[in-house]
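What follows is each chain in one-letter form.
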Amino acid sequence: MTNTIGEIENAACILSVGSNTTVTHPIVGLRVKKAAKNGAKVIVANPRRIDLCRIADIWLRQRPGTDVALLMGMARVMVDEGLADSAFIEERCENLDAFKDSLKNFDLETVENITGVPRNKVAEAARMLAGNSPASILYCMGITQHSHGTNNVMALANLAMLTGNVGKPSSGVNPLRGQNNVQGACDMGALPNVYPGYQKVDSPEVREKFEAAWGCNLSATPGLTLTEILQAAHDKRIKALYVVGENPVLTESDASHAKEALEALEFLVVQDIFLTETALLADVVLPAASFAEKDGTFVNTERRVQLVRKAIEPRGDARPDWWITCQIARRLGGKGFDFDSPKEIMIEISSLTPSYGGITYDRLEAGGVQWPCPSQDHPGTPVLHTERFSTPSGKGRFMPLEYKPSAECPDEAYPLILTTGRSLYHYHTRTMTGRVAGLNVFRDRELVEINPKDAAALGIADGDAVTVKSRRGAVKAEAKVTDDSPPGVTFMTFHFADSPTNVVTSPALDPVAKTPELKVCAVRVEKA
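What comes next concerns the included structure. (Residues numbered from 1 in each chain as written. Predicted model: local features only at pLDDT ≥ 70, side-chain atom pairs only at ≥ 80, totals over all residues. Heavy atoms only, no water.)

### Some points on the packing of aromatic side chains
For step 1, the next point in the chain: What the rule picks out here adds up to 6 aromatic pairs.
For step 2, the next point in the chain: Taken together, a centroid distance of 6.0 Å and an interplanar angle of 40° make the contact between tyrosine 198 and tryptophan 371 tilted. Here tyrosine 198, found in the loop between β7 (194-195) and β8 (199-200), pairs with tryptophan 371, found in the loop between β14 (369-370) and β15 (396-397); they are 173 residues apart in sequence, far enough to count as distant.
For step 3, the next point in the chain: For the ring pair tyrosine 425 and phenylalanine 442, a centre distance of 4.8 Å and an interplane angle of 10° mean the geometry is stacked. Here tyrosine 425 is found in the loop between β16 (416-421) and α18 (437-442), whereas its partner phenylalanine 442 is found in helix α18, with 17 residues between them in sequence.
For step 4, the next point in the chain: The class of tyrosine 425 is partly exposed, set by a relative accessible area of 30%.
For step 5, the next point in the chain: One aromatic cluster in this structure is built from Tyr195, Phe210 and Trp214.
For step 6, the next point in the chain: The side chain of arginine 48 reaches across the aromatic face of phenylalanine 491, ending 3.6 Å from its centre.
For step 7, the next point in the chain: For the cation-ring pair, arginine 303 lies above tryptophan 371, with the distance from its terminal atom to the ring centre recorded as 5.8 Å. (Phe/Tyr/Trp six-rings, centres within 6.5 Å; stacked < 30°, edge-to-face > 60°. Helix = DSSP H or I, 4+ residues; strand = E, 2+ residues; numbered from the N terminus. Buried < 20%, exposed > 50% of the residue type's maximum accessible area, 1.4 Å probe, protein only. Lys NZ or Arg CZ within 6 Å of the ring centre and 35° of its normal.)

Listed below in structure tokens is the structure:
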């Protein structure tokens, strides 16, 4: 997030797009509701009727996969009607003319035809966002999990810059991370193209720094993303894989292909706190300690680094992840893994990662710190980009965009769209939540949300057993007839191993981020 969670309630306008905020991020959802009570305007852009639609001033019900057209249409209105923040743009931004030129393809008639959103609503939302400052943009995987997800994010950045809503409190572009330490994992270099602190692998200067610190030679070539790793395993270009805290047998798109990839490996290690579906395929399972059984740090969605303190001793043979990693490295003859505690590891992190330079365990004892925090006397950074952007020129760059349809659209054989998400009661593959009896009372099986019009045409009643089929496979679940999903669109979670939704989802990838298009695939639904 460019801003903090606490600032949301003081925004004058909130645009929530591609996020079922109260379900997937309930605490953030409460902040949005508080903002509305304080008088904020709320715009929701979501194909499904979600809880925030009840308090929204405007609900934009776009067709799945048409976000670029919707957002660029809003930008077109702002430019045509002189609503843009010209002073901010002049001082802080560049490439405006090329961006304006790309807007010629997004007149309101075209936008309505693509998105299904009435043109007057698109214009009303644009005026509301531009006319109420500060405005905060919230988004989640409904924006990123598309074959054009990168463009979706750029379209949101364009809107924020166009309205001057960057670099000040209660504004910004705020991605809501899916789990409590996703941000921290990325910060520490759990990405194929960067070292800790987003320092580029292909930068000679960065590489030399880490080689000197670690006493080894490092590759200048970025590695593979998760989706690329599994494809390489399937093709037998990767022979061994070490999976930590991930369950790709259920979470990956086109999950049958992912399982085949794992089965093609010569050696698979899984490190987790429970015996997951992926762990069942492993040659070696390493039992890891849970959050309550170890010391360390979590970094939340607002970039806040916080201490985690051990409450109980690890059960059985379970050990902290850092300890397991160090033990394996030592036994392989690796040097530089002689750590005795996470505190010692943080000292190295601070020495090599400029954005963490002022973060120490002693300091975190007093409370969390938001990076970038380059020195001990730095207070941390609640709001990013207050004076300059992280670009060579220091200016925010407007990005010309074009609309591209989803990789797989409905047709005669597969006439419906399937989109996926999470429930309030479970997280991902229920590795932890599925073991909580109280949560299973609320939700213990997979449901297929289907609009009453589609259900009537197919002879499906609420509670019927149905089969959802795509070009990749089929899965059985229970029908939930509801107008929360619009005609032509079905919805499922991916929590349940006995109804593995991702068997049917699309393997199409965003060309930049390599994120799979989990939010749009073509299916048909049949009464089982």
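Continuing now.
### As for helix α16 (residues 342-352)
For step 1, the next point in the chain: Taken together, the buried positions of α16 are occupied by Pro342, Met346, Ile349, Ser350 and Leu352.
For step 2, the next point in the chain: Those residues of α16 hidden inside the fold are in contact with β8, α11 (204-214), β12 (296-299), β13 (304-308), α15 (321-331) and α17 (361-364). (Contact = heavy atoms within 4.5 Å.)

### Here we look at the nonpolar core
For step 1, the next point in the chain: The biggest cluster of nonpolar side chains holds 45 residues, and the ones touching the most others in it are Leu15, Ile43, Leu60, Met74, Leu129, Leu156 and Leu159.
For step 2, the next point in the chain: At the level of elements, β1 (13-17), β2 (41-45), β3 (58-60), α3 (67-80), α4 (86-92), α7 (119-131), β5 (135-139) and α9 (149-162) are the ones that each hand at least two residues to this core.
For step 3, the next point in the chain: Top element by residues in this core is α3. It accounts for 9 residues.
For step 4, the next point in the chain: Apart from residues no more than four positions distant in its own chain, methionine 74 is found in contact with Leu60, Val122, Ala125, Ala126, Leu129 and Leu159. (Core = buried A, V, L, I, M, F, W, Y, C linked by side-chain atoms within 4.5 Å.)

### What about the environment of proline 26?
For step 1, the next point in the chain: Looking at the element boundaries, proline 26 is found in helix α2 (residues 26-37).
For step 2, the next point in the chain: Along the primary structure proline 26 and leucine 424 are separated by 398 residues, whereas in three dimensions their C-alpha atoms are 8.2 Å apart.
For step 3, the next point in the chain: If near-sequence neighbours (up to four positions away) are discounted, proline 26 is found in contact with Thr21 and Leu424.

### Notes on the side chain of serine 355
For step 1, the next point in the chain: Within the secondary structure layout, serine 355 lies in the loop between α16 and α17.
For step 2, the next point in the chain: Of the residues examined, serine 355 reaches a relative accessible area of 15% and is grouped as buried.
For step 3, the next point in the chain: In contact with serine 355, other than residues within four places in its own chain, are Gly197, Trp371, Pro372, Cys373 and Pro374.

Keep in mind these numbers describe shape, not what the thing actually does.
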